[in-house]
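Listed here are the chains, written in short residue letters.
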Amino acid sequence: MKNFWKKIKKPILALAPMAGYTTSSFRQICKYHGADVVYSELASATALSFQGKRTLELLEFERSEQPFVVQLFGNDPKYFSSAAEFVSEKIRPDGIDINMGCPAKKVFSSGSGAALMNKPEVAREIIKETLRGTNLPVSIKIRAKVGKMTAYKFIKKLNDLPIAAIMVHGRSLKQGFAGEINYEQIKKVMNLVDIPVLANGGINSPEDARRMLQRTGADGIGIARGALTKPWLFSQTKEFLKTGEYQEFELEEIKKASLVHAEMAYKSMGKHGIIQMRKYLLWYFRGFENAKEIRKELVQVESMGDIKRVLKGI
Ligand SMILES: Cc1cc2nc3c(=O)[nH]c(=O)nc-3n(C[C@H](O)[C@H](O)[C@H](O)COP(=O)(O)O)c2cc1C
């Protein structure tokens, strides 16, 4: 088995999965700005086991994104082996991840995502079935706590399985996406296993990244929403960890970076890529002066020419 997790230099800076956002072009721009590994958005193992074409299309990627990890979600172990086999053959990513942390009602109430932390025996079967369907390294993404089950207790129950890496979102299910990070719980997982552990949650600046690494001792970090406003957070963090300083991106650099992202989106997907760019442009130019008028224009762009024209006016 080729296991990229073993070769990757630490600290590992990962783009964490985000449904609707970690598209191919966004993964490309994060990679361009220094991400070491990027995750797809969550994809249904059930749909993939029935060779769902639309789900498969969502997972296509460019070589420049590698190492690229496809994330699966589901509640029934019986679909994971064929889903993993299908993804490994048709998509050929570098790794497969299993979502055990999603709190979204649709996912959680069906027994998928974070619900799996309360059913360690089902989680175990899902991991085993995934491993049966692929030679790729299989990782998992969990939360610090779901009900009474802590990340530490959960991993202790699964520690005999050949899991390749773990990303821990340092918040409980109850906290959702806001609030204090449970550094202690991530540290406990880190001390328990000898595979890469990535700490996730609330990293919006290089200072946050350093604090997370220092407090948890983790092998790396996962950045989600912080990368939406600043994909360059990865390179800034690398610079900061090395030198104690980093360069802020001023407006002109943000404009330049958005154009690079738009070119990538256009090259991968043509006009659809430009339409998809609208939501990213809104994140990049949040909070700038005359943001309100600009927003109106950004949500209507249809071509590279449109994007260039609107950016000129900012
Ligand atoms: C819009 C959105 C979509 C998300 N989609 C996924 C997903 O598909 N799979 C997953 O494991 N986590 C998903 N997450 C959770 C993030 O990966 C991450 O754990 C969480 O946002 C905390 O990190 P942050 O504080 O850096 O944003 C999503 C988060 C957001 C905000």
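Being a predicted model, the structure only gives us computed values, none of them experimental.

Caption draft 1: Structural context of the overall build of the protein chain. Check the secondary structure of the protein chain and you find 16 helices and nine strands. The C-alpha atoms of the protein chain give a radius of gyration of 19 Å, which matches the 20 Å a tight globule of 314 residues would have. For the protein chain, the spread of C-alpha atoms along the principal axes amounts to about 55 × 45 × 35 Å. Counting every position in the protein chain, which comprises 314 residues, the buried fraction comes to 48%. Across the protein chain, every contact between residues at least 6 apart in sequence was considered, and the portion connecting residues at least 24 apart equals 68%.

Caption draft 2: A look at the nonpolar core. Within the largest apolar cluster, 90 residues are counted, with the highest numbers of intra-cluster contacts made by Ala14, Val168 and Ile221. When residues of this core are assigned to domains, at least three fall in each of domain 1 (4-243) and domain 2 (251-312). Leaving out residues up to four positions away in the same chain, Val168 has contacts with Ile142, Ala144, Ala151, Ile186, Val189, Val197, Ala199 and Asn200.

Caption draft 3: A look at the packing of helix α8 (residues 151-158) against helix α9 (residues 183-192). Interhelical geometry of α8 versus α9 gives an angle of 20° and a closest axis separation of 8 Å. When the interaxial angle is binned, α8 and α9 end up roughly parallel. By crossing handedness, the relation of α8 to α9 is classed as right-handed. Counted together, Ala151, Tyr152, Ile155 and Lys156 of α8 and Gln185, Lys188, Val189 and Leu192 of α9 form the full contact between these two elements. Considered class by class, the residues forming the contact of α8 with α9 number five nonpolar, one polar and two charged.

Caption draft 4: Summary view of the site of the ligand. Contacts to the ligand come from 23 residues, most closely from Ala16, Pro17, Leu42, Ala224 and Arg225. Listed by contribution, the elements that provide at least two residues to the shell around the ligand are β2 (37-44) and α11 (225-229).

Caption draft 5: Quick peek at the environment of Gly20. For Gly20, the location among the structural elements is in the loop between β1 (12-15) and α2 (24-32). Using a count of 9 C-beta atoms within 10 Å as the deciding quantity, one classes Gly20 as exposed.

Caption draft 6: Quick look at helix α7 (residues 120-133). With 14 residues, α7 ought to run about 20 Å at 1.5 Å a step, and its terminal C-alpha atoms sit 20 Å apart, in line with that. In this fold, the buried residues of α7 make contact with α5 (80-90), β4 (95-100), β5 (138-146) and α8.

Caption draft 7: Expanded view of the environment of Lys187. Following the sequence through the fold, Lys187 ends up in helix α9. Sequence separation of Lys187 and Val197 is ten residues, and the distance between their C-alpha atoms is 9.2 Å. Not counting chain neighbours up to four residues away, the residues in contact with Lys187 comprise Thr216 and Gly217.

Caption draft 8: Region of the structure containing unusual backbone geometry. In this structure, Pro11 follows Lys10 across a cis peptide bond, with omega equal to -5°. Topologically, Pro11 is positioned in the loop between α1 (4-7) and β1. Here the residue pair Gln66 and Pro67 is connected by a cis peptide bond, since its omega of 0° sits within 30 degrees of zero. At Gln51, a residue that is not glycine, the phi angle is positive and equals roughly 60°.

Caption draft 9: The domain arrangement of the protein chain, seen in detail. The assigned domain composition of the protein chain is domain 1 (4-243) and domain 2 (251-312). A C-alpha centroid distance of 28 Å is found between domain 1 and domain 2. At the level of secondary structure, the elements contributing two or more residues to the side of domain 1 that touches domain 2 comprise α2 and α11. Per element, the largest residue contribution to the side of domain 1 that touches domain 2 is six residues, and it comes from α2. When the residues that make up the side of domain 1 that touches domain 2 are grouped by side-chain class, the tally is five nonpolar, five polar and one charged.

Caption draft 10: View of the pairing of strand β7 (residues 166-172). Burial within β7 is extensive, with seven of its seven residues counted as buried. Pairing of β5 with β7, which is carried by five bridges, proceeds in the parallel orientation. Along β7, the bridge assignment pairs Ile142 with Val168. Here β7 runs beside strand β8 (residues 197-200); their pairing, made up of four bridges, is parallel. Following the sheet pairing, Val168 is matched in β8 by Ala199. Once you follow β7 into α9 and on to β8, the crossover reads as right-handed.

Caption draft 11: Local environment of helix α10 (residues 206-216). Of all the positions in α10, only Pro206, Ala209, Met212 and Thr216 are classed as buried. Projected onto a plane normal to the axis of α10, the buried residues spread over an arc of 120° and lie on a single side. Opposite the buried face of α10, by more than 90 degrees, sit the exposed residues Glu207 and Gln214. Buried-residue contacts for α10 involve α9, β8, β9 (220-223) and α12 (233-243).

Criteria and thresholds
Residues numbered from 1 in each chain as written. Predicted model: local features only at pLDDT ≥ 70, side-chain atom pairs only at ≥ 80, totals over all residues. Helix = DSSP H or I, 4+ residues; strand = E, 2+ residues; numbered from the N terminus. Rg over C-alpha atoms; globule rule 2.2 N^0.38 Å. Buried ≥ 20, exposed ≤ 12 C-beta atoms within 10 Å, placed from the backbone. Contact = placed C-beta atoms within 7 Å. Core = buried A, V, L, I, M, F, W, Y, C linked by C-beta atoms within 7 Å. Domains from an automatic or database assignment. Axes fitted to C-alpha atoms, helices over the stretch in contact; angles between N-to-C directions. Parallel < 35°, antiparallel > 145°, perpendicular 65-115°, else oblique. Left-handed = near helix turned anticlockwise from the far one by under 90°. Nonpolar A, V, L, I, M, F, W, Y, C, P; charged D, E, K, R; others polar. Near = placed C-beta within 6 Å. Expected span 1.5 Å × (residues − 1). Pairing = 2+ DSSP bridges. Right-handed = clockwise from strand over helix to strand, strands pointing away. Arc of directions from axis to C-beta.

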